[in-house]
Amino acid sequence: MLRKYITDPSHVLEEQPISLQKDLSYEEEPVQILDRNEQVLRSKSIPLVKVLWRSHQVEEATWESEEQMRQQYPYLFERRILLLSRVGVNQRLARVSKHPRQAP
């Protein structure tokens, strides 16, 4: 049985600006790498990355070939390395603060 829709302000979608070309098409642009995985076949393995695209939700992220993405969008991987290095520094700082050195 259908029920009447109850309005909720959190259901309102934000307008996302998209630059359209003359033929009403637009170019997809990757924003961030969300995850890594490896597709294992019989004789080889294919490295994959989960890519978040501009003007799309996280649920709509797609798995793409890491090699192809590195060739077309190398800046994504430079940022990833930078972020991972920052995470590593934060983890080391957290470990140091948990286990302070004791004076002899």
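Each remark here, short or long, concerns the structure printed above.
The structure contained in this document is the topic of the report that follows. Computed from a prediction, not measured in an experiment: that's the story for all the values here. (Residues numbered from 1 in each chain as written. Predicted model: local features only at pLDDT ≥ 70, side-chain atom pairs only at ≥ 80, totals over all residues. Heavy atoms only, no water.)

This part is about the pattern of salt bridges. For the coordinates displayed, the defined rule picks out two salt bridges. Here arginine 36 makes a salt bridge to glutamate 66, at a shortest N to O gap of 3.4 Å. Separated by 30 residues along the polypeptide, arginine 36 in strand E1 (residues 30-40) and glutamate 66 in helix H1 (residues 66-72) bring together distant segments of the chain. Among the charged side chains, a salt-bridge network with shared partners connects Arg36, Glu66 and Arg70. (Salt bridge = Lys/Arg side-chain N within 4 Å of Asp/Glu carboxyl O. Helix = DSSP H or I, 4+ residues; strand = E, 2+ residues; numbered from the N terminus.)

Turning our eyes to something else, we now look at a nonpolar patch on the surface. A cluster of nonpolar side chains, Ile18, Leu20, Leu24 and Tyr26, forms an exposed patch at the surface whose accessible area comes to about 400 Å². Tracing the backbone through its elements, the reader meets tyrosine 26 in the segment before E1. Residue classification places tyrosine 26 among the partly exposed residues on the basis of a relative accessible area of 35%. (Patch = residues over 30% accessible without salt bridge, like charges linked within 9 Å, V, L, I, M, F, W, Y side chains within 5 Å. Areas by Shrake-Rupley, 256 points an atom, 1.4 Å probe, with all protein chains shown as cover. Buried < 20%, exposed > 50% of the residue type's maximum accessible area, 1.4 Å probe, protein only.)

A few words on unusual backbone geometry. Even without a glycine there, the phi angle at leucine 24 is positive, about 65 degrees. Residue placement: leucine 24 occurs in the segment before E1.

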